[in-house]
Amino acid sequence: MLSRGCSRFTPLLSPWRPHRWRRAASAAAAVAIPDDVPPPPKHQLTDTDLKRLAFQRNIGVSAHIDSGKTTLTERILFYTGRIRDIHEVRGRDSVGAKMDSMDLEREKGITIQSAATFCDWETTSPADGSKHKYAINIIDTPGHVDFTIEVERALRVLDGAILVLCAVAGVQSQTTTVDRQMRRYGVPRISFVNKMDRPGANPWRIVSQIRSKLRIPAAAVQVPIGVEDGFKGVVDLVYWRAIYNEGQKGIDVVVSEEIPADVLELAKEKRTELIEQLAEVDEEIGELFLMDEQPSNDQIAAAIRRSTIGLKFSPVFLGSAIKNTAVQPLLDGVCAYLPNPSELDVVAHDTTLPVTADPVPLSPAAAAPLVGLAFKLEEGRFGQLTYMRVYQGSLKKSNLIYNARTGKKVKVPRLVRMHSNEMEDIESIGPGEICAIFGVECSSGDTFTDGSTSFSMTSMFVPEPVISLAIKANGIETPNFSRALNRFQKEDPTFRVHLDQESKETIISGMGELHLEIYVERMRREYNVDCATGKPRVAFRETISKRADFTYVHKKQTGGAGQYAKVAGYIEPMEMDPETGKDVMFENVIMGGTIPSNYIPAIEKGFYEALEKGTLTGNPISGVRFVLKDGGYHIVDSSELAFRNATIGAFREAFRAASAIVLEPIMKVEVVAPGEFQSNVISGLNTRRGTIVDSEVRDDEFTAIADVALNDMFGYSNQLRGSTQGKGEFSMEYKLHAPALPHLQMELENAYKKALAAKNK
Ligand SMILES: Nc1nc2c(ncn2[C@@H]2O[C@H](COP(=O)(O)OP(=O)(O)OP(=O)(O)O)[C@@H](O)[C@H]2O)c(=O)[nH]1
C-alpha cells in the first residue's frame with residue numbers, strides 16, 4: 001500500500017513532506033479536542049468495489065512542449081474506439097486534434113487547457129489469454145510552462161501518468177518540471193519515448209537521461225524493431241514476443257513469438273538490463289538475482305508493477321504516435337503497471353479535529369460517505385462546469401452536496417462525463433472516477449462531502465506570477481470587461497487582476513507573455529471586449545534580509561472618538577514552503593490578552609494589506625513572517641481600523657529596518673538549435689547575463705540550459721531567430737525570485753520615487 005502524503009521515493013529529490021494535509025486545516029480546527037484522537041477506521045472495500053476498481057485507471061499525459069502528447073492521446077482515443085478518425089495537431093484537414101478543442105488551441109497548435117476524457121481498453125493477458133476491459137480517464141495537459149497550473153491540477157487528481165519524451169531531444173527542461181510536479185503529488189509514471197521514427201532517434205540515450213537527470217531507476221521494457229523511417233514495431237522484453245502494427249492507421253496489432261534475428265542480441269541484452277535494474281529496486285527480483293535464478297515473465301511483470309506504483313522505477317516504452325506504431329502496447333502497459341484507485345492511500349483532514357491530529361484515510365468504497373475534490377472550473381455554454389474527482393463514496397444526480405470550505409449546501413442538477421468539449425449525461429458516479437457537474441458555485445480546490453463528515457483535502461501548489469501588464473478596454477468599458485476578468489481569475493489561480501491605486505490602471509499578471517496574450521484574445525472572442533495592453537512588465541517583488549523588531553503606537557485625536565492601537569513584535573525572512581508555494585505568514589503569540597482577540601483579525605488583515613505594496617518600488621512583498629508578541633488598547637478609542645492602521649505603520653517602519661531588497665524573477669531558459677550555431681547562442685545568452693547551467697551536444701543539434709533574469713529576456717526570440725537563421729527554438733520557465741543587481745534596484749527605486757512625486761504634485 002502506498003501513502004499519498006509520505007515520501008515514497010528514496011530521499012533523492014523528493015520535496016514531499018509527510019502530513020501535507022495539516023496545512024489544509026481551516027480555522028474550524030481550533031476546537032479543543034485532545035491530540036491523540038485516533039483517526040476513524042478506513043471504510044472497508046467490498047468485493048464489488050475491488051472488482052470495479054481493479055479495472056479503473058486515472059492517468060495523465062505530460063511532457064515537454066511538442067513531445068507529441070496530443071498526437072498520442074488522439075491515437076489512444078482512436079484505438080479505444082472513442083473517436084472514429086484521427087485528426088492531426090495542425091493537420092491539413094483543419095479539424096485539429098480532439099483534445100485541442102478551443103479554437104485558439106487549434107490555431108496555435110498547442111494545448112492550453114487540460115482536457116479530460118475517458119475510454120475503455122480491452123487487454124488480453126499474455127500469461128493466460130484472458131480478456132479484461134479497463135475504464136481509463138485521461139487528462140491531456142499542456143506542455144507550455146505558461147499553463148503550468150493546468151498540469152498541477154491534473155496531477156493532483158491522477159493516479160498515474162505517461163511521461164512522454166522525444167526520442168531525439170530526450171529529457172528537456174519541462175520534462176524535469178513535470179517530473180518535479182509528479183513527485184509533489186506522488187504520481188507513479190511510465191515513460192514513453194515517442195518519435196522513434198525521427199532521424200537520430202536513440203532510446204538508450206533517453207533511458208540513461210531518465211536515470212541520470214530525473215534520477216529514477218528506469219529500464220526499457222521494449223526494444224525497437226527497425227529504426228527511424230523503418231521503425232515498425234517493438235519486442236516486448238517481459239513476455240518475449242514481437243508486436244507489430246498493421247492495417248489502416250495501425251489498427252491491427254500482430255503478435256509474433258518470433259523475435260527478428262537482427263534485434264535478438266539487443267533484446268537479450270536489454271532484458272538482462274531490465275532484470276538488473278529491477279533487482280536494485282524490488283526485493284523478490286533482487287533475491288532471485290543473488291541466487292543467479294531467472295525470474296519468470298510473470299514475476300518480472302509483477303515486479304515492474306510493484307516498483308512503478310512504489311515510485312521506485314519507471315518502465316520505458318517506445319513508439320511513434322504519428323506513425324501509429326506501438327501505441328496499443330503502451331495502453332496495455334497503463335493497465336498492467338499503473339495503479340488502480342484502491343492502491344493509493346489518500347488522506348483528508350477532519351476539520352473538526354486539531355490541526356495536529358492524524359489524517360483521515362479515505363477509501364474508494366461506493367458505500368462510504370462522499371468526498372470529492374473540485375480540481376478545475378470552466379465556464380461553458382451551459383454555465384459553470386466543475387470537474388471533480390470522487391475519492392470516496394458515490395455521487396448521484398440531484399444529490400445534495402456540501403462545500404467543506406464555505407459550508408454551503410448545493411444540489412447537483414446535472415452530472416456528466418467529459419469527452420474533451422463534449423459531454424455525456426450520467427445518473428451517478430462511483431469512487432475513483434472523474435466527472436463534471438453543472439451549476440455548482442465553488443473555487444478550484446474545494447472539497448465536497450455529503451454533509452455527514454467534515455473532511456477537507458489539501459489544495460494545490462500555486463506558483464507566483466512573473467509578468468504583468470496594464471489592460472484597458474478600447475472605447476467604453478462594458479460590464480463584460482470585469483465579468484471576463486472575474487471568470488478567468490476563478491478558473492485559473494495563476495492569473496491575477498488588481499487595480500493599481502496610483503495609476504488607476506487594471507493590471508493583469510500571469511506566468512508568461514503567452515499566458516496573458518491568450519486571456520486578452522479570449523476576452524475579444526468570448527466576451528466581445530477589445531482591449532489595449534501596455535508593455536509587459538516583470539513582476540518584481542520586495543523582501544527583507546534580516547529580522548527587525550517593532551513597537552508602534554497609532555494614535556489620532558480628531559475631535560470625536562479617537563484612534564488608539566499599539567502593536568509590538570518582529571518581522572523576519574521566511575523561506576517558501578515547497579509544497580504550497582506560500583512564503584508569507586502571520587503568527588500571533590500574544591499571551592495574557594494585551595490585545596483583545598477580536599482585534600487580531602484586523603491586525604492580520606493590516607499585515608496582508610501592507611504586503612501589497614513595498615516601499616522601495618511599489619511591488620508586492622514576499623518572504624516575510626510577521627510575529628505579533630505584544631500590544632495595547634484603549635477601552636474607548638481602540639477599533640479594528642486603528643489596529644489595521646497600526647499594523648500597516650509598524651510593518652512599514654520595520655520593513656525599512658530589515659534591510660529591504662528588490663527581487664527579480666529568474667527563468668530557466670532552454671535553447672535547442674543546430675550544432676553550427678552553438679557559439680552564437682552561448683554568446684547571446686552571455687550578453688543577457690545568463691549563467692549556463694547545462695549543455696548537451698548531439699549528432700547535429702545541441703541544447704543549452706541557462707538561468708537568465710526575465711528582465712533580460714525581452715526580445716530574445718528575435719535575437720535567437722537572427723543568430724540561428726530561424727532554426728533555433730527556446731522555452732523558458734520560472735525558476736525563482738533572486739535579489740536584483742544593485743544598479744537595477746537603484747533604477748527601479750528612482751523610477752518609483754519619480755512616479756510618486758509626479759502623482760503628488
Ligand atoms: N516525427 C514525429 N513527429 C511527431 C510524433 N508525434 C507527434 N509529432 C509531431 O510533433 C509536433 C507536436 O505534437 P503535439 O501532439 O502537438 O505535441 P504536444 O506535446 O501535445 O504539444 P503541446 O500540447 O503544445 O505541448 C506535431 O507537429 C506532431 O505532428 C512522432 O511520433 N513522430
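Numbering of residues begins from 1 in every chain and follows the order in which that chain's sequence is written. Side-chain atom pairs in this predicted model are given and counted only at pLDDT of 80 or more, local residue features only at pLDDT of at least 70, and totals for whole chains, interfaces and linings cover all residues. Note: side-chain values were computed over all heavy atoms of the structure, leaving out hydrogens and water.

1. Points about the overall build of the chain
Argument step 1. Secondary structure is summarised from DSSP: a helix means a run of H or I of at least four residues, a strand means a run of E of at least two, and numbering begins at the N terminus for each. Along the chain, the regular secondary structure elements total 17 helices and 39 strands.
Argument step 2. For each residue, the accessible area found with a 1.4 Å probe, counting protein chains only, is set against the maximum for its type, and the residue is called buried under 20%, exposed over 50%, and partly exposed in between. Scored against the burial criterion, the 761 residues of the chain give a buried share of 55%.
Argument step 3. In the chain, the share of contacts with a sequence separation of at least 24, taken over all contacts with a separation of at least 6, comes to 73%.
Argument step 4. Working note: accessible area of the chain is about 32,500 Å², and carbon and sulfur atoms make up 51% of it. Only heavy atoms enter the contact rule, under which two residues are in contact if any of them lie within 4.5 Å. In these tables, accessible area is a Shrake-Rupley quantity obtained with a 1.4 Å probe, and a residue counts as shielded only by the protein chains included in the view.

2. So, the sheet that holds strand β10 (residues 241–246)
Argument step 1. If DSSP finds at least two bridges between two strands, the strands pair. Read across the open sheet, the 4 strands follow the order β8-β9-β10-β11; overall the sheet is antiparallel. Each edge of the open sheet is held by one strand with a lone partner, namely β8 (222–225) and β11 (252–256). On average, adjacent strands in this sheet sit at an angle of 25° to one another, irrespective of strand direction.
Argument step 2. The sheet contact formed by β10 and β11 spans 5 bridges and is antiparallel. Axis angles are defined between N-to-C directions and span 0 to 180 degrees, where every axis is a line fitted to C-alpha atoms and, for a helix, only to the segment in contact.

3. Re the pattern of salt bridges
Argument step 1. Salt bridges, as used here, are contacts in which a Lys or Arg side-chain nitrogen is within 4 Å of a carboxyl oxygen on Asp or Glu. If you walk through the whole model with that rule in mind, you get 35 salt bridges.
Argument step 2. Between R405 and D446 there is a salt bridge whose closest N-O contact spans 2.7 Å. Separated by 41 residues along the polypeptide, R405 in the loop between β18 (400–403) and β19 (409–411) and D446 in the loop between β23 (434–438) and β24 (447–449) bring together distant segments of the chain.
Argument step 3. Residue classification places D446 among the buried residues on the basis of a relative accessible area of 4%.
Argument step 4. A salt bridge links K668 to E733, with the shortest nitrogen-to-oxygen separation between them at 3.8 Å.

4. Points about a nonpolar patch on the surface
Argument step 1. Patch membership is restricted to residues that have no salt bridge and whose relative accessible area is over 30%. Joining uses 9 Å for like charges and 5 Å for the nonpolar side chains Val, Leu, Ile, Met, Phe, Trp and Tyr. Residues Y633, I635 and V636 make up a contiguous nonpolar surface patch of about 350 Å² in total accessible area.
Argument step 2. With respect to the helices and strands, V636 occurs in the loop between β35 (624–632) and α14 (640–657).
Argument step 3. By relative accessible area, which is 58% here, V636 ends up exposed.

5. Comments concerning the packing of helix α7 (residues 261–281) against helix α8 (residues 283–290)
Argument step 1. Close contact between α7 and α8 brings their axes to 6 Å; oriented N to C, the two are set at 115°. Along this stretch, α7 crosses α8, giving a crossing that reads as left-handed. Within the contact between the two elements, α7 uses I275, E276, L278, A279 and V281 and α8 uses E283, I285, G286 and F289. By definition, turning the near helix anticlockwise from the far helix through less than a right angle yields a left-handed crossing, and turning it clockwise yields a right-handed one.

6. With respect to the sheet that holds strand β33 (residues 563–573)
Argument step 1. Strand order in the open sheet formed by 4 strands is β32-β33-β35-β34, with mixed pairing between adjacent strands. Looking at strand neighbours, the two that pair on one side only are β32 (548–556) and β34 (584–588), the edges of this open sheet. Looking at each pair of strands side by side, their axes are set apart by 25° on average, direction ignored.
Argument step 2. Relative to β35, β34 is paired through 5 bridges, and the arrangement is parallel. Looking at β35, one finds that V584 is bridged to V624.
Argument step 3. Taken strand by strand, helix α13 (residues 600–610) contacts β33, β34 and β35, and its axis lies near 155° from that of β34.
Argument step 4. Relative to β33, α14 is tilted by about 35°, and along the sheet it contacts β32, β33 and β35.

7. A closer look at the packing of aromatic side chains
Argument step 1. In this scheme Phe, Tyr and Trp rings, the latter by its six-membered ring, pair at centre separations within 6.5 Å, and the angle between planes marks the pair as stacked below 30 degrees, edge-to-face above 60, and tilted otherwise. All told, the structure shown has 17 aromatic pairs when counted by the stated rule.
Argument step 2. Between F488 and F495, the ring centres sit 6.2 Å apart and the planes meet at 75°, which makes this aromatic pair edge-to-face.
Argument step 3. The exposure class assigned to F495 is buried, which follows from its relative accessible area of 1%.
Argument step 4. Where F586 meets F626, the ring centres are 5.6 Å apart and the plane angle is 20°; that geometry is what we call stacked. Of this pair, F586 sits in strand β34 while F626 sits in strand β35, and the two are 40 residues apart along the sequence. Judged on exposure class, the residue F586 and its partner F626 are both buried.
Argument step 5. An aromatic cluster of three or more residues is present, and its members are F550, F586, F607, Y608, F626, F651 and F655.
Argument step 6. Only Lys NZ and Arg CZ are tested; either one counts as a charge over a ring when it is within 6 Å of the ring centre and within 35 degrees of the ring normal. Over the ring of W204 we find K270; its NZ or CZ atom is 4.2 Å from the centre of that ring.
Argument step 7. Above the face of the Y391 ring, R389 is positioned so that its terminal group lies 4.5 Å from the ring centre.

8. Overview of the packing of α8 against helix α9 (residues 297–309)
Between two packed helices, both the angle of their axes relative to each other and the distance between the axes serve to describe the pair.
Argument step 1. The geometry of α8 relative to α9 is characterised by a closest axis approach of 9 Å and an angle of 135° between their N-to-C directions. Between α8 and α9, the angle is such that the two are oblique. For the pair α8 and α9, contact is made by E284, I285 and L288 and by Q299, I300, A303 and R306, respectively.
Argument step 2. Note on residue categories: nonpolar means Ala, Val, Leu, Ile, Met, Phe, Trp, Tyr, Cys or Pro, charged means Asp, Glu, Lys or Arg, and polar means any other residue, Gly included. Grouping the amino acids of the contact of α8 with α9 by side-chain chemistry returns 4 nonpolar, 1 polar and 2 charged. Angles are sorted into four bins: roughly parallel if under 35 degrees, roughly antiparallel if over 145, roughly perpendicular if 65 to 115, and oblique for all others.

9. Topic: the nonpolar core
Argument step 1. Ranked by internal contacts, the top residues of the largest apolar core, which has 69 residues, are I571 and F651.
Argument step 2. Per element, the largest residue contribution to this core is 8 residues, and it comes from α14.
Argument step 3. Beyond its immediate chain neighbours, meaning those up to four positions away, F651 contacts I571, F607, A610, L611, I621, V624 and F626. Each nonpolar core is a collection of buried residues, namely Ala, Val, Leu, Ile, Met, Phe, Trp, Tyr and Cys, held together in the definition by side-chain atoms within 4.5 Å.

10. Thoughts on the pairing of strand β31 (residues 541–544)
Every regular strand shows the same layout, with side chains that alternate between the two sheet faces.
Argument step 1. Residues R541 and T543 line one face of β31 and the alternating positions E542 and I544 line the opposite face, and both faces are buried.
Argument step 2. In terms of strand pairing, β31 meets strand β36 (residues 660–674) through 4 bridges, oriented antiparallel. Paired with I544 across the strands is A660, a residue of β36.

11. Describing unusual backbone geometry
Argument step 1. Here the phi dihedral of D292 falls at roughly 60°; this positive angle occurs in a residue that is not glycine.
Argument step 2. Take D292: it is sitting in the loop between α8 and α9.
Argument step 3. Classification of D292 by relative accessible area gives exposed; the value is 73%.
Argument step 4. At A326, a position not held by glycine, the phi torsion is positive, near 65°.

12. Some points on helix α12 (residues 513–527)
Argument step 1. To estimate the expected span of a helix, subtract one from its residue number and multiply by 1.5 Å. Over its 15 residues, α12 runs 20 Å from end to end, which matches the ideal 21 Å to within 8%, given 1.5 Å per residue.
Argument step 2. Of the positions making up α12, those classed as buried are L514, H515, L516, I518, Y519, V520, R522, M523 and Y527.
Argument step 3. N528 sits one or two residues past α12 and shows a positive phi near 60°.

13. A word on the pairing of strand β2 (residues 56–63)
Argument step 1. Among the 8 residues in β2, 8 count as buried, and that is most of the element.
Argument step 2. Neither face of β2 is exposed, since Q56, N58, G60 and S62 on one face and R57, I59, V61 and A63 on the opposite face are all buried.
Argument step 3. With 5 bridges joining them, β2 and strand β5 (residues 160–166) adopt parallel strand pairing. In the sheet register, G60 faces β5, and the bridge partner there is A161.

14. Side note on the side chain of S622
Argument step 1. On the secondary structure map, S622 appears in the loop between α13 and β35.
Argument step 2. Relative accessible area serves as the criterion here: at 5%, S622 is assigned to the buried category.
Argument step 3. Counted as a polar contact is a pair of N or O atoms within 3.5 Å, where, for protein atoms, one must be capable of donating a hydrogen and the other of accepting one, and residues adjacent in sequence contribute only when both atoms are in side chains. A distance of 3.2 Å separates a polar atom in the side chain of S622 from a polar atom in the side chain of R541.
Argument step 4. If we skip the residues at most four places from it in the chain, S622 touches R541, E542, T543, D583, V584 and L663.

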